[in-house]
Amino acid sequence: YFAHSEREIAPRLTPSDASELRTQFEDYLSAPPNFSFRPSVLHADFSADHILAQKGSVIGIIDFGDVCWGDQDYDFMYLDAFGDAFVGEVARRYGHPDLDQLKKKLHYFGIIDQVSTIVEGAGRALKGQEDAAWRRLIEFIRASKRRDPN
């Protein structure tokens, strides 16, 4: 996705946003801890839309169409709809060893999710998904700048 971003996305961003997107890729890809995981089976679309609840209890999980192998941290990404505190609490109860690292990875995964929709979306994305991905990508990029103003 880095090469696709350079060719297809960066030219459509402001120079500042393009530079920050490049920095996000470089920072993530150059950090060995991001690749120190035991591959696990992932739901890979574990979001509020796919968690069935009744009377405050989870009663089921649906939509296993994206199941794959990968970094188990990825399954925390779509839980952001419940807020950072919820994600942190679930990760803590799950026994996650480094919540700060998880937060950084989830930010990167969020960027990649938008990049993938933009790059692979032509003919596949539902109406409006590509435009929404551009908006969310810019939000993620600008949030990166606010987190690290240097």
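Described below are features of the structure shown in this document. Worth saying up front: this structure is predicted, and the values here are computed from it rather than measured.

1. Structural notes on the overall build of the chain
Counting secondary structure elements, the chain contains 5 helices and 4 strands. The secondary structure elements of the chain, listed N-terminal to C-terminal, are α-α-β-β-β-β-α-α-α. In terms of overall size, the chain behaves like a compact globule, its C-alpha atoms giving a radius of gyration of 16 Å where 150 residues would be expected to give roughly 15 Å. Projected onto its principal axes, the C-alpha positions of the chain cover 50 × 35 × 25 Å. When the 150 residues of the chain are sorted by exposure, 39% land in the buried category.

2. Quick look at the pattern of salt bridges
If charged atoms from side chains of opposite charge come close, those side chains can pair. With the rule as written, the count across this model stands at 8 salt bridges. Two residues, Glu6 and Arg22, come together in a salt bridge whose shortest N-O distance is 2.9 Å. Of this pair, Glu6 sits in helix H1 (residues 2-9) while Arg22 sits in helix H2 (residues 15-29), placing them 16 residues apart in sequence. On the accessibility criterion, Arg22 (27% relative accessible area) is partly exposed. The partner of Asp71 in a salt bridge is Lys105, with the nearest N and O atoms 2.5 Å apart. Of this pair, Asp71 sits in the loop between strand S4 (68-70) and helix H3 (84-94) while Lys105 sits in helix H4 (residues 99-120), placing them 34 residues apart in sequence. Of the two residues, Asp71 and Lys105, neither departs from the other in class, the shared state being buried. The network of salt bridges with shared partners includes Asp71, Asp73 and Lys105.

3. Notes on H4
The first and last C-alpha atoms of H4 sit 31 Å apart over 22 residues, in line with the 32 Å expected at 1.5 Å per residue. Among the 22 residues in H4, 17 count as buried, and that is most of the element. By the N-cap criterion, in which a side-chain oxygen at the helix start approaches the backbone nitrogen of a residue two or three places on, H4 is capped by Asp98, the distance to Asp100 being 3.3 Å.

Each value, and the rule that gives it
All residue numbers refer to positions counted from 1 along the written sequence of the respective chain. Two thresholds apply to this predicted model, a pLDDT of at least 70 for residue-level local features and 80 or more for giving and counting side-chain atom pairs, whereas whole-chain, interface and lining totals are computed over all residues. Hydrogens are left out, water is left out, and the side-chain values use all remaining heavy atoms of the structure. Put simply, DSSP marks the helices as runs of H or I at least four residues long and the strands as runs of E at least two long, and each gets a number from the N terminus on. Our radius of gyration is a C-alpha quantity, and the globule rule it is checked against amounts to 2.2 Å times the number of residues to the power 0.38. Type-normalised accessible area, obtained with a 1.4 Å probe on protein chains alone, sets the label of each residue: buried when under 20%, exposed when over 50%, and partly exposed for intermediate values. Throughout this description, the term salt bridge denotes a Lys or Arg side-chain nitrogen within 4 Å of a carboxyl oxygen of Asp or Glu. What a helix should span is 1.5 Å times the count of its residues minus one. N or O atoms within 3.5 Å of each other form a polar contact, as long as, within protein, one can give a hydrogen and the other can take it, and as long as residues adjacent in sequence are counted only when both atoms are side-chain atoms.

Coordinates in, geometry out; function isn't part of it.
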